[in-house]
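Survey of secondary and tertiary structure
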Amino acid sequence: MPQKNQTLGEFIIENQGEFKYSSGELSRLINSIRLAAKVVNHEVNKAGLVDILGAAGDTNIQGESQQKLDVYANEAFIKTLTNREIVCGIASEEEDHYITIKGRNQNHDNKYVVLIDPLDGSSNIDVNVSVGTIFSIYRRITPSGTPVTLEDFLQPGSKQVAAGYIIYGTSTMIVYTTGHGVNGFTLNPAIGTYYHSHPNMKFPEDGTIYSVNEGNYVHFPQGVKDYIKFCQEEEGNRPYTSRYIGSLVSDIHRNMIKGGIYIYPNTAKNPEGKLRLLYECNPVAFIAEQAGGLASDGFQRILDIEPTELHQRVPFICGSRNMVLKAEEFMQNAESQKT
Ligand code: P6P
C-alpha cells in the first residue's frame, strides 16, 4: 500500500525485492536516472532565460556557443550512468553508435544496457511547451566480461527489465515500471525530492481524446484516415476531442491519466513511421501495457517486434485498450480490402 509522502528513494528500497537476481544495481540505476533528471530539469527550466542570462559557459549574450539542450541532456545522462558504473553500454538518439562502458575494474562486468531519448520533443522548448526524457533498460545477453555488442541493444521490448519517462512540464515527474505496475513521482523543486504522487497509474479502458498530427492526414494509410473519421462522427460519446502537443511524453502522459489514443503512422515523409522503436516506442509500450493499455504498429504488438537497427522507426499506436483495438480494426480492415 503506498505510504503518503513516500519518496522515490524510499519506494525503490521498499520494492527492491521485486527485481529478481538484482543485488541492488537496478535500484542504483533508477537512482542515477533520478539524479540526471534533476540536472536536466534545472537547465530545461531556465532555457527561456538564455537571452537574458546568457547560456552557461557562453562568452556572449547571443549564446552562439550555447549547448543545445538535447545535447546537454544527452551528456548529463551518459555522464551520470557512466559514473555510477552500473551499465555496460548506452544507446542514445543523440549518438550514432552505442557507447561501451568498461566499468570499475575495466572488465565489462556490469549487467545492464540503457537506451535513451535524452530530450524528446526538444523543438518545443523554444515555445515553452513540456518535453521529456525516455529510457529503456535491459539485462545484457552477451557474456559478462566481454565488451557489449549491438546484440545487447537489439532485444525485443518484451525483454525490458525497466522503462520510464521524465516529463518536464508544469511540474517535473518520473513515471516508470519494472514490470510490477506503473508509478509516478513528482519533484518538489524546493528540496530536490521526488514524492510518490501517482501510485499504480492505469490507462482508462476507454477514452475520448485522440492525438495525431492531422496535418499529415492526406499521407496517412487508409485505415488511419477511416479511424480519424470515426473519431469525428456524431455518435454516442463521439466526436472525440483532438489533443496533440507534439511531445510524445506529454501526449502519452495526459492520455494515460484521462484516457485516449496516440497515433504516429507511416507517412510519405516517414514511410517507416517517425518514432524510434528502441528508445521511444518500446519503453512507452512497456509503460502502456503495465498500465492496462495497448501499443502496436496497427498489426503487431510493439513489444514483440524483433529490432534490426539501433535507430529504426516504426508506426506507433498507443493508449486506452478499447481505442487501440478499434484503430487496429480499421487498419486491418483497410489492409484486407487492399489485397
Ligand atoms: P510531428 C518529437 O519530435 C516527436 O518525436 C514526438 O515527441 C512527437 O509526438 C512527434 O515527434 C511530433 O512529430 O511530425 O507531429 O511534429
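About the criteria used
- Residues numbered from 1 in each chain as written.
- Predicted model: local features only at pLDDT ≥ 70, side-chain atom pairs only at ≥ 80, totals over all residues.
- Heavy atoms only, no water.
- Helix = DSSP H or I, 4+ residues; strand = E, 2+ residues; numbered from the N terminus.
- Rg over C-alpha atoms; globule rule 2.2 N^0.38 Å.
- Contact = heavy atoms within 4.5 Å.
- Areas by Shrake-Rupley, 256 points an atom, 1.4 Å probe, with all protein chains shown as cover.
- Lys, Arg positive; Asp, Glu negative; His and termini not counted.
- Charge placed at Lys NZ, Arg CZ, Asp CG, Glu CD.
- pLDDT = per-residue confidence, 0-100.
- Near = heavy atom within 4 Å.
- Polar contact = N/O pair within 3.5 Å; in protein donor to acceptor, adjacent residues only side chain to side chain.
- Nonpolar A, V, L, I, M, F, W, Y, C, P; charged D, E, K, R; others polar.
- Pairing = 2+ DSSP bridges.
- Axes fitted to C-alpha atoms, helices over the stretch in contact; angles between N-to-C directions.
- Buried < 20%, exposed > 50% of the residue type's maximum accessible area, 1.4 Å probe, protein only.
- Core = buried A, V, L, I, M, F, W, Y, C linked by side-chain atoms within 4.5 Å.
- Domains from an automatic or database assignment.
- Salt bridge = Lys/Arg side-chain N within 4 Å of Asp/Glu carboxyl O.

A word on the overall build of the protein chain. Along its length, the protein chain carries 9 helices and 13 strands. Its C-alpha radius of gyration of 20 Å places the protein chain within 12% of the 20 Å reference for a compact globule of 339 residues. In terms of principal-axis extent, the alpha carbons of the protein chain reach across some 60 × 50 × 45 Å. Sequence separation of at least 24 residues holds for 66% of the intrachain contacts in the protein chain that already meet a minimum separation of 6. About 15300 Å² of surface is accessible on the protein chain, with carbon and sulfur atoms providing 49% of the total. For the protein chain, the distance from the average position of its 30 positive side-chain charges to the average position of its 39 negative side-chain charges is 4 Å.

Mean pLDDT for the protein chain: 90, with 91% of residues reaching 70 or above. Ignoring residues within four places in sequence, the model shows residues 52–66, a span with pLDDT below 50, making 15 contacts including any to other chains.

Looking at the ligand, the residues that line it are Asp 120, Gly 121, Asn 213, Tyr 244, Gly 246, Ser 247, Leu 248, Tyr 262, Tyr 264, Lys 274, Leu 275 and Glu 280. In the environment of the ligand, an oxygen atom lies 2.5 Å from a nitrogen or oxygen atom belonging to the side chain of Asp 120. Measuring from an oxygen atom of the ligand, one finds a side-chain N or O atom of Tyr 262 at 2.7 Å. Looking at the shell around the ligand, its residues break down into 5 nonpolar, 4 polar and 3 charged.

The next subject is the sheet that holds strand β6 (residues 172–177). Ordered by their spatial adjacency, 8 strands build an open sheet running β2-β1-β3-β4-β5-β6-β7-β8, and the pairing between neighbours is mixed. Pairing within the sheet leaves two strands with one partner each, and these edge strands are β2 (99–100) and β8 (193–198). In this structure, strand β3 (residues 112–120) lies alongside strand β4 (residues 131–139), joined through 7 bridges in antiparallel fashion. Its bridge partner lying in β4, Ile 116 is registered against Phe 135. Across the sheet, helix α4 (residues 69–83) is in contact with β1 (87–92), β2, β3, β4 and β5 (162–168); its angle to β3 comes to roughly 160°. Running at roughly 85° to β4, helix α8 (residues 277–290) makes contact with β1, β3, β4, β5, β6 and β7 (182–188) of the sheet.

With that out of the way, let us pick up helix α7 (residues 248–258). With 9 of 11 residues buried, α7 is to be regarded as a mostly interior element. Considered for burial, the residues of α7 that qualify are Leu 248, Val 249, Ser 250, Asp 251, Ile 252, His 253, Arg 254, Asn 255 and Met 256. A positive phi of about 95° marks Gly 259, the residue just after α7.

Right, let's get into unusual backbone geometry. For the peptide bond that leads from Arg 238 to Pro 239, omega is 10°, which places it in the cis range. Along the chain, the position of Pro 239 falls in the loop between α6 (222–232) and β10 (241–242). If you check the backbone angles, Gln 106 has positive phi at about 60° while not being a glycine. Structurally, the position occupied by Gln 106 is in the loop between β2 and β3. Of note, Asn 128 is a non-glycine position whose phi angle comes to about 60°, a positive value. Judged by its relative accessible area of 74%, Asn 128 is exposed.

Counting residues in hydrophobic clusters, the biggest one holds 42 residues, and the most contacted among them are Tyr 165, Val 175, Leu 248, Met 256, Ile 302 and Phe 316. Residue contributions to this core peak at 9 residues, all from α8. Residues lining this core come from more than one domain, with at least three contributed by each of domain 1 (8–198) and domain 2 (209–336). Not counting the four nearest positions on each side in its chain, Phe 316 is found in contact with Leu 248, Tyr 262, Ile 263, Tyr 264, Leu 275, Cys 281, Val 284, Ala 285, Ala 295, Ser 296 and Ile 302. Phe 11, Val 44, Leu 69 and Val 161 belong to the second-largest nonpolar core, a separate cluster that totals 39 residues.

Turning next to the pattern of salt bridges. Counted by the stated rule, this structure contains 7 salt bridges. A salt bridge links Arg 301 to Asp 304, with the nearest nitrogen and oxygen atoms 2.7 Å apart. The partner of Glu 335 in a salt bridge is Lys 338, with the nearest N and O atoms 3.5 Å apart. Here Glu 335 pairs with Lys 338, and both are found in helix α9 (residues 321–338), just 3 residues apart, close to one helical turn. Exposure remark for Lys 338: the relative accessible area of 65% places this residue in the exposed category.

Structurally, the position occupied by His 196 is in strand β8. Residue class for His 196 comes out buried when judged on its relative accessible area of 10%. A polar side-chain atom of His 196 sits 2.8 Å from a polar atom in the side chain of Asn 183.

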